[in-house]
Amino acid sequence: MIDLIIVGAGLTGLFAANLAAELGASVCLVARGRGGLSLSHGCIAVLDRAQPLRALDRLPATHPYKLVGKQSLKQSAKAFSRMMRAEALPYRGRLSHSLPLLQASGQSTWVNLAPPSLGQAHGPLVGIASIEGFRDFAPQMLAQALRAKEGYHVRVIQLPLPHPFRELYASDLAARFDVPQWCSETLRLWKPFVRGLDTLILPAILGLRRHLHVFHLIQEHFGCAVLEIPTLPPSLPGLRLERALRLRAKRLGVRFIEGSAAIGRAEVRSGKARVAGVQLQSAGGPRSLSSQAILLATGGTMHGGLAALHAGRMRESVFGYPIEVQPERSSWTAASPFSPQPYAMAGLCVNTCMHPLDPAGEPLFHNLYAAGGVIAGSDRVYQGSRQGIDLATAYRAMQSIMEDSHH
Amino acid sequence: MPRLSTELLIIGGGATGLGIAWDACLRGFKVVLIEQNDIGQGTSGRYHGLLHSGARYAVTAPSLARECAQENAILRRIASAAIEDTGGYFLATPADPLYFPDRWLKACKQASLQVEEVEVAELLRREPRLSPRISRAFRVQDASMDSFDLLHILRRAILEAGGHVLLRHRLVGFIHRGGTLVAAEIEDLMTASPLCISFELAINAGGPWAAHIANFAAVHLPLALGKGTMVAMASRPVHSVLNRCRPPSDGDIIVPVGSVSVLGTTDIPVSDPRDLQIQDHEVDALLAEAEMLLPGITHARALRAWAGIRPLLAPPVDAGAPETRSLGRAHAILDHEALDGPGGIISVVGGKLTTFRLMAQECLDVVCERFGRSVQCSTSTTALEPADRRFFALPMRHRRLAHREPGNHASDLICECEFVQQGDIHRALAADPPQTLDDLRRDLRIGMGPCQAGFCAFRTADIMAPVLSQPAQELAAFLHERWKGLRPVAWGKTLQQMEFIRRLYAELLGFSQPPSGSR
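Keep in mind that this is a model prediction, so the values were computed, not measured.

1. A few points about the sheet that holds strand 9 (residues 143–145) of chain B
Argument step 1. Reading across the sheet, the three strands line up as 4-9-5 (chain B) and stay open at both edges, with antiparallel pairing between neighbours. Each edge of the open sheet carries a strand with a single partner, namely strand 4 (50–51) and strand 5 (83–84) of chain B.

The following block contains the structure:
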């Protein structure tokens, strides 16, 4: 029998799978979709604050950070950094003091761990690349925003491509940068346009497989700093992170079953209710998988971990467990997309061991755990806390799973 | 103060005002039309998309039914670019009164409408998503009409015929001379500058704002405003317009328009034309009624919801000429001077989008009489051809994708849902003064497809950046505006889409709430 089934292939599920496999557990990761990393800026943000650890104490008691504790958050970040170093995708930064991450809007957000190609632009002379035929980056809009800031002298630089392409996505360009010949041809072509800059701002397209190499090469070649900015999806910094975590998990022996929805199975054994495994809705018919424990890393309303129903109800998708929400749908959303959204706070209530709880506050099952977006208590978009919560809750859940399995 | 002078000043840029301006241009009048917002921002743009066959009114308003049938035939000829001939059905379900179909059928025959009973089994073969519990089915001459397309074609026709259309110009008062209105004080809302337009006759075509406009002329216009809510489903489960075969009521129509289906409508009395708030129960009622025709539709994705305000004339103002205007009639042309009011102004109120041309014709007949000119109406025989067909209908936009020149980025798709190309945006920007993203949406349908601005708004804002002072704030304001129509249907896949949009813009791309009052 498998030790652990993880449902979900986002940051939470992949990170948890790596942690468990490192500890020698037999892990099967099942997922219906691809997870959310293609929508990610690829950094680890704890809170949209310059010093997030100081702000943690003021969060409400039901917030995931409060449940896992500061210690688990710090340990999770350490484990993450260690994994990324091992995968040759080193992240810099720390939890106590955040780094500004310049984004496509021209505004910056605070993140704590970031890959080397992301961060902020060093002036005063900044060039923003407008790449022929690439629609998913907004150089004009970014230039206007940067010009409004002090200390920048900004120009937009039109950069051609060696062959004409139509309607490229960031991943299409990255795949080309992964080809050494195409890459060097492009850099040669660009060189005359890129002169006398302190920083060249590019959309995040510099390769998927060997982007660190391309990143260093291009700085050497142009003699200036290069900054990547996350684009419309598929967002490369997120894909690079996903790729590293996936390859590592596979190397450590994690089994992946993807493309199938999972339905939870429970049973009563020696008078005690427990989860027995999942049934997979796979193409050839339903298939059962049994395990000692299950970790739900299925995400929130967007990824389908939570289903919001027309009837004014919400439920968890794998076990069908009802989630507490206001019955009036009009109260689920706020007037502005940029305000905190009540629906985003909904999810499974968990205890400090990441066991989902029933309304009386008792664990639903002693061998069921939840982490990441499926957990209640935070609007992660509004707070800028997504990846911090993913890592910390996955880490805490894994600690509990290991402790419980020893008993 | 800058001054303009014209023969006719038309106030209101909905189908009524534009229709009147077009007819007036064809009859040789000098015309200026003012609209306080953008074309399609009022009732005409907030519409379910039905070109009425008239059958809906066969029992309750036979004369309106006949008018609809005539206008339906005319519009199919003159405005074919905005119309899709979907055909339509009246369907009796177990929830509808048994007596109604026969009574309705008789009324349709009396009004000379083309109605034909069809075998339910045959209909179910053509439309397999329909409920098998439907007991009777009748084919009618309904079609779907895209009101944005219609309004844009009308505006072009007016401009080509020498008329002037001033958008974002609001009436602030009239100037009288001896009990007659002779000029209007206007504010240009884009530049906040005043403008004076002197006229020989003003025509109030303000729709739900008509009473407000009449107030400036010290005329009391008793309007009854009704809010109608509509839900667009992000799919087209049926080919044809579906009507419930029962007396007119909430949720009695489903119209396939473009790539969506519109469920309409509710009717709730309101006192203010700006009262467009949608309640959960209205959406629930529309879905519950649609379930009777299309079982399971509640589980399909709802794209968004919107509400429009119907302006109806409250009786008994019609008393002026009772012999020609029956009470059931949906529109009225009021010459205020003949009704003991001031001279120099006519109000046109009520009406259906289907009958906009007829209203304009009747209005211009009154105008010609006043000016002592005898020019015949020619709108029923003048084709409204869009100057650039590429702006219109989805299938045409799709077809042109096959003929793109390699290496020409003007034909790159910016909006992949509605097939809007980069060149379309550049052309739209060149044709009009600087616009907001929301104006471009009404011109090109940017942001109206399944992604609800997820991808296209970002790309478009960058293309518009040179003409916008703060493109990032304009983009955030546009997303805020789009969010309004998503909130009433925020569950299931729509809520997923909303969270996706938030995730893209607030988290991945770093946009934030624009300061209030910007834009």
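2. Re the sheet that holds strand 11 (residues 169–177) of chain B
Residue and element names in this part refer to chain B.
Argument step 1. Pairing within the open sheet is mixed, and its four strands lie in the order 1-13-12-11. Strands with a single pairing partner mark the edges of an open sheet, and in this sheet they are strand 1 (3–5) and strand 11. Mean inter-strand twist for the sheet, computed between neighbouring axes without regard to direction, equals 25°.
Argument step 2. Of the strand pairs in this sheet, strand 12 (residues 180–188) and strand 13 (residues 193–198) are connected by six bridges, and their pairing is antiparallel. Across the sheet, Asp188 pairs through a bridge with Ser193, a residue of strand 13.

3. What to know about the interface of chain B and chain A
Argument step 1. In this complex, chain B contributes 54 residues to the contact, which on the side of chain A involves 55 residues.
Argument step 2. Both sides together, the interface formed by chain B and chain A hides about 4800 Å², and carbon and sulfur atoms give 55% of it.
Argument step 3. Applying the counting rule to chain B against chain A returns seven salt bridges.
Argument step 4. The salt bridge involving Arg329 of chain A is made with Asp284 of chain B; its shortest N-O contact spans 3.0 Å.
Argument step 5. Among the elements of the structure, helix 7 (280–293), strand 23 (413–415), helix 12 (456–464), helix 13 (471–486) and helix 14 (492–508) of chain B are those that each provide at least two residues to the side of chain B that touches chain A.
Argument step 6. In terms of residue count, the dominant contributor to the side of chain B that touches chain A is helix 14 of chain B (12 residues).
Argument step 7. Looking at the side of chain B that touches chain A residue by residue, the class counts come to 28 nonpolar, 13 polar and 13 charged.

4. A word on the environment of Arg155 of chain B
Residues and elements named next belong to chain B.
Argument step 1. For Arg155, the position within the fold is in helix 5 (residues 147–160).
Argument step 2. C-alpha of Arg155 to C-alpha of Leu18: the two residues are 137 residues apart in sequence and 6.6 Å apart in space.
Argument step 3. Excluding residues that lie within four positions of it along the chain, Arg155 makes contacts with Leu18, Ile39, Val165, Leu167 and Asp432.

5. Considerations on the confidence of the model for chain B
Residue and element names in this part refer to chain B.
Argument step 1. The share of residues in chain B with pLDDT of 70 or more is 95%, and the mean pLDDT across the chain is 91.
Argument step 2. Between residues 317–329, whose pLDDT stays under 50, and residues either more than four places distant or in other chains, the model counts 13 contacts.
Argument step 3. For this predicted complex, the interface score ipTM comes out at 0.97, alongside a pTM of 0.94.

6. Focus: the packing of helix 1 (residues 11–22) of chain A against helix 3 (residues 64–86) of chain A
Residues and elements named next belong to chain A.
Argument step 1. Look at helix 1 against helix 3: their axes get within 11 Å of each other, and the N-to-C directions meet at 85°. Between helix 1 and helix 3, the crossing angle belongs to the class labelled roughly perpendicular. Between helix 1, through Phe15, Asn18, Leu19 and Glu22, and helix 3, the contact on the second element is made entirely by Ser76, Ala79, Phe80, Arg82 and Met83.
Argument step 2. Here the residues of the contact of helix 1 with helix 3 are counted per class, giving five nonpolar, two polar and two charged.

7. A look at helix 3 of chain A
All names here are of chain A.
Argument step 1. The terminal C-alpha atoms of helix 3 lie 28 Å apart, and with 23 residues this falls more than 12% below the ideal 33 Å at 1.5 Å per residue.
Argument step 2. Where helix 3 bends most, at Lys70, the angle is about 75°.
Argument step 3. Two residues or fewer after helix 3 comes Ala88, characterised by a positive phi angle close to 60°.

8. Looking at helix 5 (residues 170–177) of chain A
Argument step 1. Those residues of helix 5 of chain A not exposed but buried are Ala170, Leu173, Ala174 and Phe177 of chain A. Buried residues of helix 5 of chain A, viewed axially, fall in a sector of 100°; they line one side.

9. Some words on the pattern of salt bridges
A side chain of one charge can pair with a side chain of the opposite charge if their charged atoms are brought near each other.
Argument step 1. Applying the stated criterion across every chain yields a total of 52 salt bridges over all chains.
Argument step 2. Measuring nitrogen to oxygen at the nearest pair gives 2.8 Å for the salt bridge that ties Arg246 of chain A to Glu258 of chain A. With a gap of 12 residues between them, Arg246 of chain A in helix 8 (residues 236–251) and Glu258 of chain A in strand 9 (residues 255–258) connect regions that are remote in the sequence.
Argument step 3. For Glu258 of chain A, a relative accessible area of 33% corresponds to the partly exposed category.
Argument step 4. Here Asp439 of chain B and Arg442 of chain B are joined by a salt bridge, their closest N and O atoms 2.9 Å apart.

10. With respect to the nonpolar core
Argument step 1. The biggest cluster of nonpolar side chains holds 200 residues, and the ones touching the most others in it are Leu200, Ile201, Leu202 and Leu295 of chain A together with Phe458, Leu475 and Tyr505 of chain B.
Argument step 2. Residues within four places of Phe458 of chain B in sequence aside, it is in contact with Ala104, Asp136, Phe137, Ala138, Met141 and Leu232 of chain A together with Leu475, Tyr505, Leu509 and Phe511 of chain B.
Argument step 3. Grouped together as the second largest cluster of nonpolar side chains are 47 residues, Tyr47, Ala81, Ile203 and Ala205 of chain B included.

Calculation criteria
Residues numbered from 1 in each chain as written. Chains lettered and ligands numbered in written order. Predicted model: local features only at pLDDT ≥ 70, side-chain atom pairs only at ≥ 80, totals over all residues. Heavy atoms only, no water. Pairing = 2+ DSSP bridges. Helix = DSSP H or I, 4+ residues; strand = E, 2+ residues; numbered from the N terminus. Axes fitted to C-alpha atoms, helices over the stretch in contact; angles between N-to-C directions. Contact = heavy atoms within 4.5 Å. Buried area = accessible area lost by both parts, 1.4 Å probe. Salt bridge = Lys/Arg side-chain N within 4 Å of Asp/Glu carboxyl O. Nonpolar A, V, L, I, M, F, W, Y, C, P; charged D, E, K, R; others polar. pLDDT = per-residue confidence, 0-100. Parallel < 35°, antiparallel > 145°, perpendicular 65-115°, else oblique. Expected span 1.5 Å × (residues − 1). Bend = angle between axes of the 7 residues up to and from the residue. Buried < 20%, exposed > 50% of the residue type's maximum accessible area, 1.4 Å probe, protein only. Arc of directions from axis to C-beta. Core = buried A, V, L, I, M, F, W, Y, C linked by side-chain atoms within 4.5 Å.

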